[in-house]
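Structural characterization, general
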Amino acid sequence: MYVVESKGGAIVCMLLALFFLGTWPAVMTLLERRGRLPQHTYLDYSITNLLAAVIIALTFGEIGKGTSDSPNFFTQLAQDNWPSVLFAMAGGLVLSIGNLSTQYAWAFVGLSVTEVVTSSITVVIGTTMNYYLDDKINNAAILFPGVGCFLVAVCLGSCVHASNAADNKEKLKSLPRVRENDVENGSGSAEIAKAGTAGYLIELENRRAIKVFGKSTLIGLGITFFAGICFSLFSPAFNLATNDQWHTLKEGVPHLSVYTSFFYFSVSCFVIAIILNIIFLYHPVLNLPKSSLKAYLSDWNGRGWAFLAGFLCGFGNGLQFMGGEAAGYAAADAVQALPLVSTFWGILLFGEYRKSSRRTYALLCSMLCMFVVAVGVLMASSGHRK
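Before going into details, it helps to say that this report is about the structure given with it.

1. Here we look at the packing of helix α5 (residues 111-133) against helix α6 (residues 140-173)
- In the contact formed by α5 and α6, the axes pass within 9 Å of each other and the chain directions differ by 160°. Taken as axis vectors, α5 and α6 run roughly antiparallel relative to one another. Remark: the crossing between α5 and α6 carries left-handed chirality. Here Val 113, Val 116, Ser 119, Ser 120, Val 123, Val 124, Thr 127, Thr 128 and Tyr 131 of α5 come into contact with α6, specifically with Ala 140, Leu 143, Phe 144, Val 147, Phe 150, Leu 151, Val 154, Gly 157 and His 161.
- Split by residue class, the contact of α5 with α6 holds 12 nonpolar, six polar and no charged.

2. With respect to the packing of aromatic side chains
- Inspection of the entire model under this criterion finds 19 aromatic pairs.
- For the pair Phe 19 and Phe 20, a centre-to-centre distance of 5.9 Å together with 55° between the ring planes defines the contact as tilted.
- A relative accessible area of 40% means that Phe 19 is categorised as partly exposed.
- Residue class for Phe 20 comes out partly exposed when judged on its relative accessible area of 21%.
- Arranged with centres 5.3 Å apart and planes meeting at 55°, the rings of Phe 73 and Phe 74 form a pair that is tilted.
- Relative accessible area serves as the criterion here: at 4%, Phe 73 is assigned to the buried category.
- On the accessibility criterion, Phe 74 (48% relative accessible area) is partly exposed.
- Through successive ring pairs, a cluster of aromatic residues spans Phe 73, Phe 74, Trp 82, Phe 263 and Tyr 264.
- The residue whose ring lies beneath Arg 303 is Tyr 296, and the NZ or CZ to ring-centre distance is 4.8 Å.
- Positioned over the ring face of Trp 300 is Arg 303, at 4.5 Å from the centre of the ring.

Scoring rules and cut-offs
Per chain, residues are indexed from 1 in the order of the written sequence. A pLDDT threshold of at least 70 governs which residues receive local features in this predicted model, and a stricter bar of 80 or more applies before side-chain atom pairs are shown or counted, although totals over entire chains, interfaces and linings include all residues. The side-chain values count all of the structure's non-hydrogen atoms but skip hydrogen atoms and water molecules. An axis is simply a line fitted to the C-alpha atoms; with a helix, the fit covers only the stretch in contact. Between two such axes, the angle follows the N-to-C directions and lies from 0 to 180 degrees. Helix and strand assignments come from DSSP, with helices taken as H or I runs of at least 4 residues and strands as E runs of at least 2, each series counted from the N terminus. Just so you know how the angles are binned, under 35 degrees is roughly parallel, over 145 roughly antiparallel, 65 to 115 roughly perpendicular, and the rest oblique. Crossing handedness is defined as follows: a turn of the near helix away from the far one that is anticlockwise and smaller than a right angle gives a left-handed crossing, while the clockwise case is right-handed. What makes two residues a contact is simply this: any of their non-hydrogen atoms within 4.5 Å. Basically, the charged four are Asp, Glu, Lys and Arg, the nonpolar ten are Ala, Val, Leu, Ile, Met, Phe, Trp, Tyr, Cys and Pro, and anything else, Gly included, counts as polar. Aromatic pairs are defined between Phe, Tyr and Trp rings, using the six-membered ring for Trp, whenever the two ring centres lie within 6.5 Å; interplanar angles under 30 degrees are classed as stacked, those over 60 as edge-to-face, and all others as tilted. Think of it in three bands: residues with accessible area under 20% of the maximum for their type are buried, residues over 50% are exposed, and the middle band is partly exposed, with areas taken using a 1.4 Å probe on protein chains only. In this scheme, the term charge over a ring applies when either NZ of a lysine or CZ of an arginine sits within 6 Å of the ring centre and within 35 degrees of the ring normal.

Pasting the structure below:
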């Protein structure tokens with residue numbers, strides 16, 4: 001079994017996880033904006049998300065000869081470690097529900113602000129819990145100022161969203177002939193509008209799967225806060241699964257390896273995702289059209305991108321946990337600075353903040369700079385597990 005032992009190796013894992021976990025939401029958002037039903041996308045995503053965990057378990061979890069204290073993946077599957085398994089599966093349950101919630105929140109409040117709010121809740125609640133579960137192996141004098149930097153960035157992110165929303169309202173006022181009925185009926189200019197214009201906003205609404213015009217943003221914010229609470233719980237649950245701080249295992253039973261825990265974690269993610277999304281196919285939420293298993297199986301439009309998103313999220317979570325096992329899960333929560341990556345993709349792929357005001361650009365640059373500081377400070381707080 002391969003074990004990340006150095007602080008440098010842990011930081012590399014966290015940086016890769018940061019990129020992967022910041023990229024997969026952009027891929028999912030791209031598909032929703034192209035009109036693919038989120039139920040179809042999430043079912044595809046769930047398959048490769050589980051496959052990534054299986055690949056990690058069968059490779060890193062089986063490298064080298066296992067010992068009695070650190071058995072390999074297959075050896076642990078047969079051991080009496082169910083208390084830790086249940087913690088891992090509980091973490092997978094809340095993560096799956098959180099991820100499922102965010103794909104609807106992205107449509108209502110945007111990719112950047114959704115990631116900012118959920119990450120802030122994760123840092124404030126989850127990082128604090130992990131710090132105490134890890135027996136304070138992280139440097140508190142560095143760790144909590146890092147949390148503070150993250151919260152400052154969150155406030156700036158909220159200001160960016162408010163400023164950009166005001167900019168969009170001004171853009172829509174420049175098209176007095178376009179009314180809500182035109183948007184709902186899909187009528188309007190036949191020309192392809194440039195990103196950042198009022199015409200582009202209307203074309204996006206006509207094309208996307210989740211219609212948001214005329215709906216309260218409180219719906220999206222409520223979903224976002226719910227997802228953030230779910231995200232704040234999955235990492236502490238995984239921490240308990242791998243380190244057994246509450247001493248639930250029988251004497252002589254080794255702790256679950258990060259790879260075995262991640263396998264059970266991902267199985268739980270997969271099962272709850274399949275159950276909920278099959279229900280949503282026939283009983284959709286937020287006025288989405290009904291679908292069916294037959295329609296899902298025949299929908300190959302964007303399936304490859306959904307598979308890619310699942311791999312990115314699966315390998316990103318695995319790398320986060322590998323780094324957290326070595327340097328402390330509180331420090332590994334630095335990957336919650338993923339809005340830094342998501343905002344980059346939002347600007348590059350979706351034209352977010354295009355043709356916005358100088359005030360919006362100034363706030364956006366300030367937010368991104370603060371995220372960079374937050375990532376550096378949280379990583380600098382990493383310790384070494386004894």
